[in-house]
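Residues per chain are reported as follows:
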Amino acid sequence: MKIALLILLMLTGFLCCTNSVAPEPSSNSYDFSSVDRFIDNNTAVYQDSIAVLVSQNGKVIYQKEHNLTIDTKRLIASASKWLSGAVILALVDEKKLALSDTVGKFLPLFTRYGKGNITIRQLFSHTAGFPGDSPEKYEYRRDLTLAQAVDSIAVHTQLANPPGTVFRYGSASMHVAGRIAELVSGKSWQVLFNEKIAVPCDLRATYLLVNLRNPLIAGGAWTSARDYLNFLEMIVSKGVFRGNRVLSEQSVSEMLRDQTGGATIQATPYPANPYSKNPVASVRYGIGNWLDVVDASGKVLESSSPGLFGAHPWQDSKNQVAGIIFTRTTTRQSAVTSLKIREMIRNSIEK
């Protein structure tokens, strides 16, 4: 997979049905008829396949299915980053690592090759100094384990910038963080993900790209809209899912806070959100998600983690809303339309 493809990951099961499953009843009653019409008028943008699922306070308030269902499992590409970031924060909660810890603390090989001072925070906010993907494509090698791929990054992948100075979107840095997670937990990535996030959130997701031996931490998960929504509801509920704590409130707050530290935005697939009420010069990044709707003071109101292969998940902290759009499109086709759907849903709720 080329570097350009993973940069595109950010923004971009086959039953034919529309609104075939009735949403759970909600105490809120909103008029989403304009959203329905907009989606119906723009199905071509989504290659005539779209599923939208939105909840508020854990109750579904909007559901739309057209040639794609909320139970259809798909490769979610960069939407995996949010799930992977949650694993890292679960380990922070357990004090097995800290976002301020350096790579060299866990992987001395990086110190030997002049990269030991990179922090875990930088690894998961695309500010570690790597050139996005590793030019050698170690993250995508089926013949390597995660440990072997990361050791190869340590030895052969040169930093493009000093750590903390530049934002360059890609997969190499998160791969390194995934290996550190394996080391401090003593478990493989998939087992760790299942234990910390999937099982507590009743979420079925498997890191199938590249494979379970070398899972693509930044883009390899396979799941459904219905499953992913559970994760989003946990985020909206500040770390609690169905009464059980998954992440600490502090960790969720860290996830939704700008982690880029003023780094220069040099390589980003998401320069701006045209449907934010308070447009910013550059959309900033938390832990695994874009902080793409802010108020006049810069407070994060919504964040998201879209991926190339049909997933656009978001959370709305202000309105206690979790939502996800599944499609079969590329970012060039549908990114702006999906952002418009989010705005219309937000406006319908805030009327």
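This structure is a prediction, so every number in the text was calculated from the model and none was measured.

The rules we used
- Residues numbered from 1 in each chain as written.
- Predicted model: local features only at pLDDT ≥ 70, side-chain atom pairs only at ≥ 80, totals over all residues.
- Heavy atoms only, no water.
- Pairing = 2+ DSSP bridges.
- Helix = DSSP H or I, 4+ residues; strand = E, 2+ residues; numbered from the N terminus.
- Contact = heavy atoms within 4.5 Å.
- Axes fitted to C-alpha atoms, helices over the stretch in contact; angles between N-to-C directions.
- Parallel < 35°, antiparallel > 145°, perpendicular 65-115°, else oblique.
- Nonpolar A, V, L, I, M, F, W, Y, C, P; charged D, E, K, R; others polar.
- Core = buried A, V, L, I, M, F, W, Y, C linked by side-chain atoms within 4.5 Å.
- Buried < 20%, exposed > 50% of the residue type's maximum accessible area, 1.4 Å probe, protein only.
- Salt bridge = Lys/Arg side-chain N within 4 Å of Asp/Glu carboxyl O.
- Left-handed = near helix turned anticlockwise from the far one by under 90°.

(A) A look at the sheet that holds strand β5 (residues 206–207). Within the open sheet, the three strands sit side by side as β3-β6-β5. Their pairing is antiparallel. Strands with a single pairing partner mark the edges of an open sheet, and in this sheet they are β3 (73–75) and β5. Here β3 runs beside strand β6 (residues 221–224); their pairing, made up of three bridges, is antiparallel. Across the sheet, Lys 73 pairs through a bridge with Ser 224, a residue of β6. Relative to the sheet, helix α10 (residues 225–236) contacts β3 and β6, its axis offset from that of β6 by approximately 100°.

(B) Focus on the sheet that holds strand β1 (residues 50–56). Across the sheet, seven strands lie side by side as β2-β1-β14-β13-β12-β11-β10; this open sheet has antiparallel pairing. Each of the sheet's edge strands pairs with one partner strand only, and the pair in question is β2 (59–66) and β10 (284–285). In the sheet, strand β11 (residues 290–294) pairs with strand β12 (residues 300–304) via three bridges, with the strands oriented antiparallel. Of the residues in β12, the one forming a bridge with Val 293 is Glu 302.

(C) Region of interest: the packing of helix α3 (residues 80–93) against helix α9 (residues 189–198). Remark: α3 packs on α9, axes separated minimally by 10 Å, with the N-to-C direction vectors making an angle of 75°. Taken together, the axes of α3 and α9 lie roughly perpendicular to each other. Of the residues in α9, those in contact with Leu 83, Ser 84, Ala 86, Val 87, Ala 90 and Leu 91 of α3 are Trp 189, Leu 192, Phe 193, Lys 196 and Ile 197. The residue makeup of the contact of α3 with α9, split by class, is nine nonpolar, one polar and one charged.

(D) Focus on the nonpolar core. Among the nonpolar cores identified, the biggest contains 79 residues, and Leu 123, Val 176, Phe 193, Ile 197, Phe 231 and Leu 247 are the most heavily contacted of them. Ignoring anything within four residues of it in the chain, the contact list for Leu 123 reads Val 103, Ile 118, Ala 128, Phe 130, Ser 173, Met 174, Val 176, Ala 177 and Ile 180. Counting residues in each nonpolar core, the second largest holds 17 residues, with Ile 50, Ile 61, Trp 314 and Ile 325 among its members.

(E) How the structure looks around the pattern of salt bridges. Tallied over the full model, the rule gives 22 salt bridges. The salt bridge partner of Lys 277 is Glu 350, with a shortest N-O separation of 2.9 Å. One end of the pair, Lys 277, is in the loop between β9 (264–267) and β10; the other, Glu 350, is in helix α12 (residues 331–350), and 73 residues separate them in sequence. Residue Lys 318 is joined to Glu 350 by a salt bridge in which the shortest nitrogen-to-oxygen separation is 3.4 Å. Separated by 32 residues along the polypeptide, Lys 318 in the loop between β13 (311–316) and β14 (321–327) and Glu 350 in helix α12 bring together distant segments of the chain. Residues joined by salt bridges that share partners form a network here, namely Lys 73, Asp 202, Arg 204, Asp 227 and Arg 242.

(F) Summary view of unusual backbone geometry. Here Leu 209 and Val 210 are connected by a cis peptide whose omega angle stands at 10°. Mapped onto the fold, Val 210 is located in the loop between β5 and β6.

(G) Spatial organisation of the packing of helix α7 (residues 146–156) against helix α8 (residues 172–185). In the contact formed by α7 and α8, the axes pass within 9 Å of each other and the chain directions differ by 130°. Judged by the inter-axis angle, α7 sits oblique to α8. Once α7 is placed against α8, the crossing between them reads as left-handed. Across the interface between the two elements, Leu 146, Ala 147, Ala 149, Val 150 and Ile 153 from α7 touch Ala 172, His 175, Val 176, Gly 178, Arg 179 and Glu 182 from α8. Along the lines of polarity and charge, the residues of the contact of α7 with α8 split into seven nonpolar, two polar and two charged.

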